[in-house]
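Secondary and tertiary structure notes
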Amino acid sequence: MFLSLLMLFSLVADTHTCDAVITEFATNSGYSTAPNVDIWSTEEVGKLYNYTLPNGSTSILESLRSSINAQLSPDQRTGCWRRLGEAATISSKFEWSAELHAEEMSVLLLQRLPDSVVSRYFALQDLWATQASYMLDVKYAAALNDLGDRINAIGVLERLIIESNRSISSLEYAGILNTIANIYYELERYDEAEHYYKEAIIRIDSDNPKIIGYRINLASVYKQQERYDEAITLLREQISAAASKNMQVEELQTRINLANLLKEVGQYDQSRALYLSFISQARESGFESVLFFGYYNFVDWHLQLNKIDEVKPWIDTLFSILPQESSHYNKVGAYAILARYYSATGQSETAQFYEEAVEDLESMARDGETEELILAELYRLSFSEARQT
């Protein structure tokens, strides 16, 4: 079964190539001079930069992003973005080149390859003087943070916010401030994190959904500082604000954070009500993708309160939606919580099986194994479940 799944993933990954995606998109967009070839030359790719879509609103390569992200595997996306960036450089579109190589670095970060990001950053020194080079700096800082070099990561980002020669929008500026705050938070330097979260909040429009996330982050600082009343008040305010602006995803995000905080401070009845309302609202609104978090955290609520007799139906529901969950890290988390359940019910052998499986999966992720391999191993684990239970 393990080998069959790997073969399946390989077949899916080979369905599209960078060239096929470019050809398909160029044809569908009315690019009349698209070459009838299987492999685009760098020069032909470069010509796309001078083409605009019929509505005249954007470059064809900007619109190509969604096709690349939807149709190519992570490894293919990395190579494709690099090719597009190199074509932009040859065509003297240096701002585009910086942005496209930043996309390449984003995929490397998602693949947990920070060393590769650092190497690419220094390989692109010719682009450092461009207005868009701050995008490369942001990815470089993220890689440093992943490598544990958080102080230098902060230095890169703080340099960005004091330099005046970069074309950074207010929204991007706020994003950089939020990232600096996140790193200070990881360093447990909560006073600095609070400062930068507040700076980010005042620089973003109140109608922008991102402001809810920044305020949730600020509430996390309050929690770490044991300012629980302030954290609870802030999160309640954000639920009301998101609801008033019909920001349903952000409302759900805040609701689950408040439920978790109330559970942590021992307000179990209130947290239970919030978990149930989260699950109900997510189902009614069609947000199936976030249901996992509701069920996962509600199962944890049961286990924390030792409500073993009541938890099994919720675990069954959690695993019934697990195949639709896109994050393999969340899937690993589900098996970790299953190990806790078996441990709590005295089924130590089965609990140990899942504990060891989770350790193996987490080790695979730390060692940079591909998402396909980890998912294949998760499928193998799911087939083993019938034997264990």
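Residues numbered from 1 in each chain as written. Predicted model: local features only at pLDDT ≥ 70, side-chain atom pairs only at ≥ 80, totals over all residues. Heavy atoms only, no water.

Okay, the side chain of Q111 next. Secondary-structure assignment places Q111 in the loop between α6 (94-110) and α7 (114-123). Q111 sits in the buried class, given a relative accessible area of 16%. A distance of 2.6 Å separates polar atoms of two side chains, one belonging to Q111 and the other to D75. (Helix = DSSP H or I, 4+ residues; strand = E, 2+ residues; numbered from the N terminus. Buried < 20%, exposed > 50% of the residue type's maximum accessible area, 1.4 Å probe, protein only. Polar contact = N/O pair within 3.5 Å; in protein donor to acceptor, adjacent residues only side chain to side chain.)

As a further point, take α7. Of the residues making up α7, those classed as buried are P114, V117, V118, R120 and Y121. Angularly, the buried residues of α7 cover 165° about the axis, an arc narrow enough to put them on a single face. Exposed residues on α7 whose side chains face more than 90 degrees from its buried face are D115 and A123. The inward-facing, buried residues of α7 abut α5 (74-90), α6, α8 (134-146) and α9 (150-162). (Arc of directions from axis to C-beta. Contact = heavy atoms within 4.5 Å.)

The backbone of S92 shows a phi angle near 65°, a positive value even though the residue is not glycine. For S92, the position within the fold is in the loop between α5 and α6. For N306, which is not a glycine, the phi torsion comes out positive at approximately 60°. Of note, N306 is situated in the loop between α16 (291-304) and α17 (308-320).

Looking now at the packing of aromatic side chains. Each aromatic ring pair is described using two quantities: the centre-to-centre distance and the angle formed by the ring planes. Enumeration over the complete set of coordinates arrives at 18 aromatic pairs. Seen in terms of ring centroids, Y185 and Y190 are 5.4 Å apart; in terms of plane orientation they differ by 70°. Their pairing is edge-to-face. Given the relative accessible area of 23%, Y185 is considered partly exposed. Judged by its relative accessible area of 17%, Y190 falls in the buried class. Ring centres 4.8 Å apart and planes at 80° place the aromatic pair F298 and W314 in the edge-to-face group. A residue pair is termed long-range when its members are at least 10 positions apart, and F298 in helix α16 and W314 in helix α17 qualify at 16 residues. Here a set of aromatic residues connected by ring pairs shows up, and it is made of F319, Y335, Y341, Y342, F353 and Y354. (Phe/Tyr/Trp six-rings, centres within 6.5 Å; stacked < 30°, edge-to-face > 60°.)

This brings us to the confidence of the model for the chain. With 83% of its residues at a pLDDT of 70 or more, the chain has an overall mean of 84. The spread of mean pLDDT over the elements of the chain runs between helix α1 (residues 2-13), the lowest at 33, and helix α11 (residues 190-202), the highest at 97. Scored below 50 in pLDDT, residues 1-15 makes 16 contacts in the model with residues more than four places away or belonging to other chains. (pLDDT = per-residue confidence, 0-100.)

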